[in-house]
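This is what each chain is made of:
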Amino acid sequence: QQQVRQSPQSLTVWEGETAILNCSYENSAFDYFPWYQQFPGEGPALLISILSVSDKKEDGRFTIFFNKREKKLSLHIADSQPGDSATYFCAAPRGSALGRLHFGAGTQLIVIP
Amino acid sequence: EAAVTQSPRNKVAVTGGKVTLSCNQTNNHNNMYWYRQDTGHGLRLIHYSYGAGSTEKGDIPDGYKASRPSQENFSLILELATPSQTSVYFCASGGRDRGATLYFGEGSRLIVV
């Protein structure tokens, strides 16, 4: 069973628009949510992360909104650029396991110039 | 900068043959991981290691073995490759704390014919 779910599977936006990528989870014990960004032909790399004690985390054009009650979070990419075209993975720690993560299936974002 | 290198980057293997994917990290991280990435499944954990000499099974270990001869090196071994193991494989390293960032290699594309 997928512990972390992402939607949509694919998203296309115009340059300058805000892209919204969604993530949900089942386990109330999850307390840390990193998002990884993957460009074609490369490995994923950490983009931004949030702790469950916060409801918002900003880093430039990237913002995570977190709703603990609904077990949902979303990644907003403001003023989307063609260079943001990538696959984005939401993840959560696997219980007390040191360093291991559950990954969602990913959202492929395409930004059209 | 964190560095994880994988070899080979591309491999075509015959069914029933042995395949070894190698990974080297210069981050001095204790933890290393092997994931496979398939469309619709995201990143799935095959094996991981907490240090030299240790290997642990992940979520999908069947058909795979792992070896961690040193802090820097972690190998994934397919003793009898099957077409279902055609995939892109990623190695990653990371620290021991729950919020540790994972550093991924660039991936190894394996095709089993």
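Attention here is on the structure that accompanies the text.

Scoring rules and cut-offs
- Residues numbered from 1 in each chain as written.
- Chains lettered and ligands numbered in written order.
- Predicted model: local features only at pLDDT ≥ 70, side-chain atom pairs only at ≥ 80, totals over all residues.
- Heavy atoms only, no water.
- Patch = residues over 30% accessible without salt bridge, like charges linked within 9 Å, V, L, I, M, F, W, Y side chains within 5 Å.
- Areas by Shrake-Rupley, 256 points an atom, 1.4 Å probe, with all protein chains shown as cover.
- Salt bridge = Lys/Arg side-chain N within 4 Å of Asp/Glu carboxyl O.
- Helix = DSSP H or I, 4+ residues; strand = E, 2+ residues; numbered from the N terminus.
- 1 Å grid on protein atoms, 1.4 Å probe; cavity = no way out; pocket = protein on both sides within 12 Å on 5 of 7 lines; lining within 4 Å.
- Points joined across faces, edges and corners; volume = space filled by probe spheres on them.
- Phe/Tyr/Trp six-rings, centres within 6.5 Å; stacked < 30°, edge-to-face > 60°.
- Core = buried A, V, L, I, M, F, W, Y, C linked by side-chain atoms within 4.5 Å.
- Buried < 20%, exposed > 50% of the residue type's maximum accessible area, 1.4 Å probe, protein only.
- Contact = heavy atoms within 4.5 Å.
- Pairing = 2+ DSSP bridges.
- Axes fitted to C-alpha atoms, helices over the stretch in contact; angles between N-to-C directions.
- Buried area = accessible area lost by both parts, 1.4 Å probe.
- Polar contact = N/O pair within 3.5 Å; in protein donor to acceptor, adjacent residues only side chain to side chain.
- Nonpolar A, V, L, I, M, F, W, Y, C, P; charged D, E, K, R; others polar.

Describing a nonpolar patch on the surface
Okay, so step 1: Residues B:V12, B:V14, B:I111 and B:V113 make up a contiguous nonpolar surface patch of about 360 Å² in total accessible area.
Okay, so step 2: Following the sequence through the fold, B:V12 ends up in strand β2 (residues 10–13).

Quick word on the layout of surface pockets
Okay, so step 1: Within this model, the largest pocket holds a volume of roughly 760 Å³.
Okay, so step 2: Together, 36 residues line the largest pocket, and A:Q38, A:T87, A:F89, B:Q37 and B:T39 are the ones closest to its centre.
Okay, so step 3: For the lining of the largest pocket, the elements supplying multiple residues, two or more each, are β1 (4–7), β9 (86–93) and β11 (107–112) of chain A together with β4 (31–38), β9 (87–94) and β11 (108–112) of chain B.
Okay, so step 4: It is β11(A) that provides the largest number of residues to the lining of the largest pocket, a total of 4 residues.

So, the packing of aromatic side chains
Okay, so step 1: Considering all chains together, one arrives at 16 aromatic pairs over all chains under this definition.
Okay, so step 2: Connected via pairs of aromatic rings, a cluster forms that spans A:Y36, A:F89, A:F103, B:Y33, B:Y35, B:Y48, B:Y50, B:F90 and B:F104.

What to know about the nonpolar core
Okay, so step 1: Ranked by size, the top nonpolar core spans 25 residues in total, and within it A:W35, A:L73, A:L75 and A:Y88 carry the most contacts.
Okay, so step 2: Breaking this core down by element, the ones donating at least two residues are β2 (10–14), β3 (19–25), β4 (32–38), β5 (45–51), β7 (62–67), β8 (72–77), β9 and β11 of chain A.
Okay, so step 3: Excluding residues that lie within four positions of it along the chain, A:L75 makes contacts with A:A19, A:I20, A:L21, A:W35, A:L47, A:I48, A:F62, A:T63, A:I64 and A:Y88.
Okay, so step 4: One finds B:L21, B:M32, B:F74 and B:L78 within the second-largest nonpolar core, a separate group that totals 18 residues.

Quick notes on the pattern of salt bridges
Okay, so step 1: Tallied over the full model, the rule gives 8 salt bridges over all chains.
Okay, so step 2: Notably, a salt bridge pairs A:E70 with A:R69, separated by 3.3 Å at the nearest N-O pair.
Okay, so step 3: A relative accessible area of 37% places A:E70 in the partly exposed class.
Okay, so step 4: Overall, the relative accessible area of 69% leaves A:R69 in the exposed class.
Okay, so step 5: With its nearest N and O atoms 2.9 Å apart, the salt bridge here joins B:R9 to B:E106. With B:R9 in the loop between β1 (4–7) and β2 and B:E106 in the loop between β10 (102–104) and β11, this residue pair connects regions lying 97 residues apart in the sequence.

Here we look at the sheet that holds strand β8 (residues 73–78) of chain B
Residues and elements named next belong to chain B.
Okay, so step 1: With antiparallel pairing, 4 strands are arranged side by side in an open sheet as β1-β3-β8-β7. Whereas interior strands pair on both sides, the edge strands pair on one side only; in this sheet they are β1 and β7 (65–67). In this sheet, adjacent strand axes meet at a mean angle of 20° when their direction is disregarded.

Some thoughts on the interface of chain A and chain B
Okay, so step 1: At the interface, 24 residues of chain A touch 26 residues of chain B.
Okay, so step 2: When chain A packs against chain B, close to 1900 Å² is buried across both sides, 50% of that on carbon and sulfur atoms.
Okay, so step 3: Scanning the region where chain A abuts chain B turns up 3 residue pairs in polar contact (both at pLDDT 80 or more).
Okay, so step 4: When contributions to the side of chain A that touches chain B are tallied by element, the ones reaching two or more residues are β4, β9 and β10 (101–103) of chain A.
Okay, so step 5: Ranked by the residues each element gives to the side of chain A that touches chain B, the list is headed by β4(A), at 3 residues.
Okay, so step 6: Its residues placed into classes, the side of chain A that touches chain B shows 11 nonpolar, 9 polar and 4 charged.

Examining unusual backbone geometry
Okay, so step 1: Cis rather than trans, the peptide bond between A:S7 and A:P8 has omega equal to -10°.
Okay, so step 2: Within the secondary structure, A:P8 is located in the loop between β1 and β2.
Okay, so step 3: Following B:S7, the chain continues into B:P8 via a peptide bond in cis, with omega recorded as -5°.
Okay, so step 4: Examined against the element boundaries, B:P8 turns out to sit in the loop between β1 and β2.

What about the sheet that holds β1(A)?
Residues and elements named next belong to chain A.
Okay, so step 1: Spatially, 5 strands are ordered β1-β3-β8-β7-β6 in an open sheet, and the strand pairing comes out antiparallel. The two strands at the open ends of the sheet, each matched to only one other strand, are β1 and β6 (56–59). Taking each pair of neighbouring strands and ignoring which way they run, the sheet shows an average axis angle of 15°.
Okay, so step 2: As judged from the 4 bridges shared by β1 and β3, these two strands associate in the antiparallel manner. Bridged to R5 within β3 is S24.

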